[in-house]
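# Chains, contacts and geometry: an overview
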Amino acid sequence: MKKYKVAIVGASGAVGEEILRILEEENFPISSILPLASARSAGKFVEAFGSEWEIQELTHEIFAKEQVEIAFFSAGGNVSAEFAPSAAKAGAVVIDNTSHFRMQADVPLVVPEVNPEDIKEWKKSGIIANPNCSTIQMVQVLSPLHQEFGIKRVDVSTYQAVSGAGKKGMEELIMQMQKFFAFELEACQPQAFPHRIALNLIPQIDVFMDNDYTKEEMKMIGETQKIMHCSFPISATCVRVPVLRSHSESISIHFEHEVDTQRAKEILKKAPNLVVLDDPSEKLYPMPSIATDTNETYVGRIRKDCYDSHILHLWCVADQLRVGAATNAVRIAQKWIVEMEG
């Protein structure tokens, strides 16, 4: 098998570190790794594949100079906007973890379990976009059910961990919890979030838009429709919760056809990278403690609506650093290799 020169932009960040771990776990066919970051991180080292790789400063010229073939970007939208086109121009396929390119018409937005066929569109821009973390786990669940029953509408509420805000979000929760139980409430001032996150819920993720939905909520709506090539209505309410890692979602799905709960469970059990945990008698259902540090999306609490046999309610949980970012990005790269070598 051909081996590839892989660059990771944002190699010292939470998602960049996770990408390195997953590349190693998957025995990804690398010839070498080029970790890239800002000048202040240059000269540090990351470990992968039994070796240490020196972080180099991100520049426009480095992709051509190093003959990069696959470039993972996870250093923020502004960095992707500036440097991803340079990587693509140098001949690399860019797999971008930010929101910057997701809704551009010439950039495929891919969840490999749902729309792998869109990967072939990468040549238009040289870029493949990785969706929002909450969108990824939701469409993994929606897609197989849509094929069977036909979706008319989706309503989702998310319970998103602080790691969605990166290392600074996790550090803020830990610090505030320590201060809270030391009765130092005045030291629990928010920095990463608009309010105190310790022992609190914040029904705002990202900024509010003109329609009073947040940007995060509108991402879920637009991205789902683009990935699934559908136009059914979606409403989202995104909430930040004091959980370190793994996002949870409560999803209500309205179908065109009457839904059979047992059949829905069978479909979800057969779907790729989904795990059904649904046994109320044993108190078995998905939780962040189960999903964290895994590459699967967990589904449970699957039940038909009490009043309408066309409506199904369920609960899903996934590690957003993995399933919602790094794992999906690596899976895109794996599918891209199959496309290139096929």
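Please refer to the structure placed before this passage.
Note that the coordinates shown come from a computational prediction; the quantities given were computed from them, not determined experimentally. (Residues numbered from 1 in each chain as written. Predicted model: local features only at pLDDT ≥ 70, side-chain atom pairs only at ≥ 80, totals over all residues. Heavy atoms only, no water.)

### Here's the deal with the sheet that holds strand S1 (residues 4–9)
The parallel open sheet is built from 6 strands, whose spatial order is S5-S2-S1-S6-S7-S8. Taken across any chain shown, the strands that pair with only one partner, and hence form the sheet edges, are strand S5 (56–57) and strand S8 (127–129). Bridge count between strand S6 (residues 70–73) and strand S7 (residues 93–96): 4 bridges; the pairing is parallel. Bridging across to S7, Phe 72 finds its partner in Ile 95. Lying on the sheet, helix H1 (residues 14–25) is in contact with S1, strand S2 (30–37) and S6; it crosses S1 at an angle near 155°. (Pairing = 2+ DSSP bridges. Helix = DSSP H or I, 4+ residues; strand = E, 2+ residues; numbered from the N terminus. Contact = heavy atoms within 4.5 Å. Axes fitted to C-alpha atoms, helices over the stretch in contact; angles between N-to-C directions.)

### Let's talk about the sheet that holds strand S14 (residues 311–318)
One open sheet accounts for 6 strands, arranged S10-S9-S11-S14-S13-S12; its pairing is mixed. Pairing within the sheet leaves two strands with one partner each, and these edge strands are strand S10 (234–240) and strand S12 (274–276). When the angles between neighbouring strand axes are averaged without regard to direction, this sheet yields 20°. Where strand S9 (residues 151–160) meets strand S11 (residues 247–255), 8 bridges bridge the pair, whose relative direction is antiparallel. What sits directly across from Ile 151, in S11, is Phe 255. Along the sheet, helix H4 (residues 133–149) contacts S9, S11, S12, strand S13 (297–304) and S14; its crossing angle with S11, the most-contacted strand, is approximately 25°.

### Re the pattern of salt bridges
Summed over all chains, the structure comprises 21 salt bridges. In this structure, the salt-bridge partner of Lys 2 is Glu 69, at a minimum N-O distance of 2.7 Å. Placement of Lys 2 in the segment before S1 and of Glu 69 in the loop between helix H2 (62–65) and S6 is noted, with a sequence separation of 67 residues between them. Using a relative accessible area of 41% as the deciding quantity, one classes Lys 2 as partly exposed. Note on Glu 69: relative accessible area 22%, which makes it partly exposed. Between Arg 331 and Glu 113 there is a salt bridge whose closest N-O contact spans 2.9 Å. Taken together, the positions of Arg 331 in helix H9 (residues 322–341) and Glu 113 in the loop between S7 and S8 put the pair 218 residues apart, joining distant regions of the chain. A residue is classified by how much of its surface remains accessible, and Glu 113, at 18% relative accessible area, is buried. (Salt bridge = Lys/Arg side-chain N within 4 Å of Asp/Glu carboxyl O. Buried < 20%, exposed > 50% of the residue type's maximum accessible area, 1.4 Å probe, protein only.)

### Points about the side chain of His 247
Tracing the chain through its elements places His 247 in strand S11. Within polar-contact distance, the side chain of His 247 engages the backbone nitrogen of Ala 161 at 2.9 Å. Here His 247 is in contact with Cys 133, Ser 134, Gln 137, Tyr 159, Gln 160, Ala 161, Gly 164, Arg 240, Cys 316, Val 317, Ala 318 and Gln 320, once residues within four sequence places are set aside. (Polar contact = N/O pair within 3.5 Å; in protein donor to acceptor, adjacent residues only side chain to side chain.)

### Notes on the nonpolar core
Counting residues in hydrophobic clusters, the biggest one holds 60 residues, and the most contacted among them are Phe 63, Leu 145 and Leu 314. For this core, the element with the highest residue contribution is H4, accounting for 7 residues. Among all residues touching Phe 63, those that are not within four sequence positions of it are Ala 7, Val 9, Leu 36, Leu 58, Val 68, Ala 71, Phe 73, Phe 83, Ser 86, Ala 87 and Ala 90. Among the nonpolar cores identified, the runner-up in size contains 35 residues, and Ala 14, Leu 23, Ala 48 and Phe 72 belong to it. (Core = buried A, V, L, I, M, F, W, Y, C linked by side-chain atoms within 4.5 Å.)

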